[in-house]
Amino acid sequence: AQTVTQSQPEMSVQEAETVTLSCTYDTSESDYYLFWYKQPPSRQMILVIRQEAYKQQNATENRFSVNFQKAAKSFSLKISDSQLGDAAMYFCAFLYTGANSKLTFGKGITLSVRP
Amino acid sequence: AAGVIQSPRHLIKEKRETATLKCYPIPRHDTVYWYQQGPGQDPQFLISFYEKMQSDKGSIPDRFSAQQFSDYHSELNMSSLELGDSALYFCASSLVHTGDEQYFGPGTRLTVT
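A short tour of the structure in this document, coming up. (Residues numbered from 1 in each chain as written. Chains lettered and ligands numbered in written order. Predicted model: local features only at pLDDT ≥ 70, side-chain atom pairs only at ≥ 80, totals over all residues. Heavy atoms only, no water.)

This part takes up the packing of aromatic side chains. One pass over the full model with this rule turns up 16 aromatic pairs over all chains. An angle of 40 degrees between the planes, with centres 5.9 Å apart, marks the rings of phenylalanine 35 of chain A and tyrosine 37 of chain A as tilted. Across this residue pair, the class does not change: phenylalanine 35 of chain A and tyrosine 37 of chain A are buried. Here tyrosine 37 of chain A and phenylalanine 104 of chain B contribute two aromatic rings whose centre-to-centre distance is 5.4 Å and whose plane-to-plane angle is 75 degrees, an arrangement assigned as edge-to-face. In this pair, tyrosine 37 of chain A sits in strand β5 (residues 32-39) while phenylalanine 104 of chain B sits in strand β10 (residues 103-104), so the two residues belong to two different chains. Residues tyrosine 37 of chain A and phenylalanine 104 of chain B agree in their burial class; the two are buried. (Phe/Tyr/Trp six-rings, centres within 6.5 Å; stacked < 30°, edge-to-face > 60°. Buried < 20%, exposed > 50% of the residue type's maximum accessible area, 1.4 Å probe, protein only. Helix = DSSP H or I, 4+ residues; strand = E, 2+ residues; numbered from the N terminus.)

Each side of the interface is counted separately: chain A has 22 residues, and chain B has 22 residues. For the pair chain A and chain B, the two sides together bury roughly 1,900 Å², of which 49% comes from carbon and sulfur. Across the chain A-chain B interface, the total number found is three salt bridges. Across the pair arginine 50 of chain A and glutamate 101 of chain B runs a salt bridge whose closest N-O atoms are separated by 3.0 Å. In this assembly, chain A and chain B are joined by eight residue pairs in polar contact (both at pLDDT 80 or more). Contributing elements (two or more residues each) for the side of chain A that touches chain B: β5, β6 (46-52) and β10 (88-96) of chain A. The element best represented in the side of chain A that touches chain B is β5 of chain A, accounting for four residues. Here the side of chain A that touches chain B is composed, by residue class, of eleven nonpolar, seven polar and four charged. (Contact = heavy atoms within 4.5 Å. Buried area = accessible area lost by both parts, 1.4 Å probe. Salt bridge = Lys/Arg side-chain N within 4 Å of Asp/Glu carboxyl O. Polar contact = N/O pair within 3.5 Å; in protein donor to acceptor, adjacent residues only side chain to side chain. Nonpolar A, V, L, I, M, F, W, Y, C, P; charged D, E, K, R; others polar.)

Residues and elements named next belong to chain B. This structure, assessed with the given rule, holds two disulfides over all chains. Two residues, cysteine 23 and cysteine 91, share a disulfide whose sulfurs are 1.7 Å apart. One disulfide, between cysteine 23 and cysteine 91, carries an S-S torsion of -55 degrees and so falls in the left-handed class. With cysteine 23 in strand β3 (residues 19-24) and cysteine 91 in strand β9 (residues 87-94), the pair connects residues that are 68 residues apart, well separated along the chain. Given the relative accessible area of 0%, cysteine 91 is considered buried. (Disulfide = S-S within 2.5 Å.)

Residue and element names in this part refer to chain B. Among the structural elements, serine 59 can be located in the loop between β6 (53-57) and β7 (64-68). Remark: the alpha-carbon pair of serine 59 and isoleucine 5, spanning 54 residues in sequence, is separated by 23 Å. Each residue touching serine 59, except ones within four places of it in the same chain, is listed here: Gln44, Phe45 and Leu46.

Residue and element names in this part refer to chain B. Strand order in the open sheet made by the four strands is β1-β3-β8-β7, with antiparallel pairing throughout. Each having just a single partner strand, β1 (5-7) and β7 make up the two edges of the open sheet. Direction aside, the axes of adjacent strands within the sheet are offset by 15 degrees on average. When β3 meets strand β8 (residues 74-78), the two strands line up antiparallel, connected through five bridges. Residue pairing in the sheet places threonine 20 in a bridge with asparagine 77 of β8. (Pairing = 2+ DSSP bridges. Axes fitted to C-alpha atoms, helices over the stretch in contact; angles between N-to-C directions.)

Looking now at the pattern of salt bridges. A complete count under the given rule lists ten salt bridges over all chains for this structure. One salt bridge in this structure joins lysine 55 of chain A and glutamate 52 of chain A, with 3.9 Å as the shortest N-O distance. A salt bridge links arginine 63 of chain A to aspartate 86 of chain A; the nearest nitrogen and oxygen atoms lie 2.8 Å apart. With arginine 63 of chain A in the loop between β7 (60-61) and β8 (64-69) and aspartate 86 of chain A in the loop between β9 (74-79) and β10, this pair connects stretches of sequence that are 23 residues apart. Classification of aspartate 86 of chain A as buried rests on a relative accessible area of 3%. Overlapping salt bridges, with partners in common, bring together Arg50, Glu52 and Lys55 of chain A together with Glu101 of chain B in one network.

Purely geometric stuff here, so don't read any function into it on its own.
Dropping the structure here:
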């Protein structure tokens, strides 16, 4: 079974600054995906970024990038030039690429952005 | 682009009543997943279907059942509702059964009074 750990329940960042959200996971699988989802007050689950475990290159999506350390089983999200609209709950999630794949989420982190 | 559709968006039921949640996946997606997110919690996997057959089962109470129909839409049936069933229920769909990006619907907010 997989576990995903987000040890920081809350974080705060000044608008236009950079913030890093931490996530660690545990698995015995070698083929998997990792995701960061954003859940704003509307509670819609919005995919922010994905990382395939077989890729060494860290994924980047505009102001969002990850630091994927497979050996350390670490997957952090960096948000650059933070905006007020980035304020939300962020979930780290694991997805095995084999049969019966289902998302396993961390507990989430609440990010607030100070104007 | 078409997204995952869930209905109803909000539902209020009393204890011991029955509720049916519907999910319409993205066209051509063959796999549907159901997740339950309690207040202040992370989403928890309930059940999934691939090509109209149950493919995996998580922490789904025996009071709940689900199925996927020939048009690939899915329904989650919940009976003998309890206060603790109050939650946001997400449906997600994907194109590939063996691990691919899941696209989430907007969720159905169920309140049990």
